[in-house]
Amino acid sequence: MNIKVLAVVCALILVAHFTDADRGGSKKDKVEAAKPTRGTLPPPSGSRKGAHSSEEVGGSSEERPDASPAGDRYSWNRVLNENVSAHESAFVPINGSVIVVKSNDRILREVNITGAVTVLDFTNSSKVEVIRVRNACFITERLQQSYQEIIDILTARNNTNVSIADRVALNGTGPQLSREEAQIVFQQYPTVAKLCRKFRLVRTTSDVVESPDVEVIAVPAFDALINISVDKPTPPPTPKGLLGVLRGGKSGERKRH
């Protein structure tokens, strides 16, 4: 009788064991299954981090200073009037000393604004603002904010519509820096060298210029709309005038027989 009872008890234990295994295994197995797998957190809102090749940015690394392997991006719309808004962006490489701001939306032409690329360079414990527009790079002396202050501004305006009412007048009619002077700037600010090595480099002043040989172009900077006075381009000779020069006469005149 005792042997029969013992056999029944053993059978019940075996049935209970296999039933528990079918339901999900042992407690140890359940604990292991509950552990989350490790992964990479998504980038914070306000910037997009990751690898950016020169093809993604556009152009070669020599011409585009933001062709960096990694960094933060910011973008916003600058409200120019009630009907026109221009897309702008900024790129901050991971080196922590350079900010590149771009404003070259085609819609700028509709409101007589010329697109530009601005470099804010804080390399070597110094700072400089360089604006590349048309065929020249203009060095300004107006940068007052620190690197972190500008980052805070970009973070606040990211993915928003902003109105920037400040206007600044600069004189860009000064002489082009010599090769030696430009080389000093390029050595101190390597990002400026990438942006401006193939362009004229001019230091701006704050004095007002009024001359029939000067025109004013409106350029968007990161914190203002800048009116830069520049020399008017020399118009090419007309076909009629060029023909007169080739014949040995004065421009625009025909030889009399």
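The name recorded for the protein chain in an unreviewed UniProt entry is NtA domain-containing protein, from Biomphalaria glabrata.

Q: Help me understand the overall build of the protein chain, please; the structure alone is not making it clear to me.
A: Counting its secondary structure elements, the protein chain contains seven helices and 12 strands. Pairs at least 24 apart in sequence give 54% of the contacts found in the protein chain among residues at least 6 apart. In the structure as shown, the protein chain presents an accessible area of about 16900 Å², 53% of it carried by carbon and sulfur atoms.

Q: Is there a simple way to explain the sheet that holds strand S12 (residues 225-231) in this structure?
A: Working definition: the strands of a sheet are paired by backbone hydrogen bonds and lie parallel or antiparallel to each other. Pairing within the open sheet is mixed, and its three strands lie in the order S9-S12-S11. Unpaired on one side and paired on the other, strand S9 (167-171) and strand S11 (214-220) mark the two borders of the sheet. Going from strand to strand, the sheet's axes swing by 25° on average, the running direction of each strand aside.

Q: Explanation requested: helix H5 (residues 179-188) in the structure shown.
A: Side chains three or four residues apart in an α-helix point the same way, a direct result of the helix having 3.6 residues per turn. Buried within H5 are the following residues: Ala-182, Val-185 and Phe-186. One side of H5 holds all its buried residues, which, seen down the axis, span an arc of 100°. The outward face of H5, more than 90 degrees from its buried face, is lined by the exposed residues Glu-180, Ile-184 and Gln-187. Taken together, the buried residues of H5 touch strand S7 (136-140), helix H6 (190-196) and strand S10 (200-203).

Q: What is the right way to read the nonpolar core from this model?
A: Considering soluble globular proteins, one finds that nonpolar side chains tend to be buried as a cluster. Formed by 18 residues in total, the largest nonpolar core has its most connected members in Val-130, Ile-139, Val-185, Phe-186, Val-192, Cys-196 and Leu-201. Listing elements by their share of this core, those giving two or more residues are strand S4 (98-103), strand S5 (116-121), strand S6 (128-133), S7, H5 and H6. Ranked by residues supplied to this core, first place goes to H6 with four residues. Phe-186 has contacts with Val-192, Ala-193, Cys-196, Arg-197 and Leu-201, leaving out every residue within four places of it along the chain. In terms of nonpolar packing, the next biggest core, distinct from the first, is built from 16 residues, Val-101, Tyr-147, Ile-151 and Leu-154 among them.

Q: In this structure, what is going on with the state of the cysteines? I would like to understand it.
A: In a disulfide, the sulfur atoms of two cysteines are held together by a covalent bond. Considering all chains together, one arrives at one disulfide under this definition. Each sulfur of the disulfide joining Cys-137 and Cys-196 lies 2.1 Å from the other. Between Cys-137 and Cys-196, the disulfide has an S-S torsion of -95° and is therefore left-handed. On the criterion of sequence distance, the pair formed by Cys-137 in strand S7 and Cys-196 in helix H6 is long-range, its members being 59 residues apart. We note that Cys-137, like Cys-196, is buried.

Q: Mind showing me how you'd approach the packing of aromatic side chains here?
A: The relation between two aromatic rings is expressed through the spacing of the ring centres and the mutual angle of the planes. Within this structure, the stated rule accounts for one aromatic pair. Ring geometry for Phe-122 and Tyr-147: centres 5.7 Å apart, planes at 80°, overall edge-to-face. With Phe-122 in the loop between S5 and S6 and Tyr-147 in helix H4 (residues 147-157), this residue pair connects regions lying 25 residues apart in the sequence. Sitting over the face of the ring of Trp-76, Arg-157 holds its NZ or CZ atom 4.8 Å from the ring centroid.

Q: Sorry, what's going on with the side chain of Arg-78 here?
A: Position of Arg-78 relative to the elements: it lies in strand S2 (residues 70-79). Excluding anything up to four places from it in sequence, Arg-78 contacts Val-84, Ser-85, Ala-86, Glu-88, Val-162, Ile-164, Pro-220, Ala-221, Phe-222, Ala-224 and Leu-225.

Q: When you look at the environment of Ala-116 in this model, what are you seeing that I'm missing?
A: Within the element layout of this structure, Ala-116 appears in strand S5. For Ala-116, a relative accessible area of 4% puts it in the buried group. Taking the C-alpha atoms as reference points, Ala-116 and Ile-131, separated by 15 residues in sequence, lie 6.7 Å from one another. Aside from chain neighbours lying at most four places away, what touches Ala-116 is Val-101, Lys-102, Ser-103, Ile-131, Arg-132, Val-133, Val-219 and Pro-220.

Calculation notes
Residues numbered from 1 in each chain as written. Predicted model: local features only at pLDDT ≥ 70, side-chain atom pairs only at ≥ 80, totals over all residues. Heavy atoms only, no water. Helix = DSSP H or I, 4+ residues; strand = E, 2+ residues; numbered from the N terminus. Contact = heavy atoms within 4.5 Å. Areas by Shrake-Rupley, 256 points an atom, 1.4 Å probe, with all protein chains shown as cover. Pairing = 2+ DSSP bridges. Axes fitted to C-alpha atoms, helices over the stretch in contact; angles between N-to-C directions. Buried < 20%, exposed > 50% of the residue type's maximum accessible area, 1.4 Å probe, protein only. Arc of directions from axis to C-beta. Core = buried A, V, L, I, M, F, W, Y, C linked by side-chain atoms within 4.5 Å. Disulfide = S-S within 2.5 Å. Phe/Tyr/Trp six-rings, centres within 6.5 Å; stacked < 30°, edge-to-face > 60°. Lys NZ or Arg CZ within 6 Å of the ring centre and 35° of its normal.

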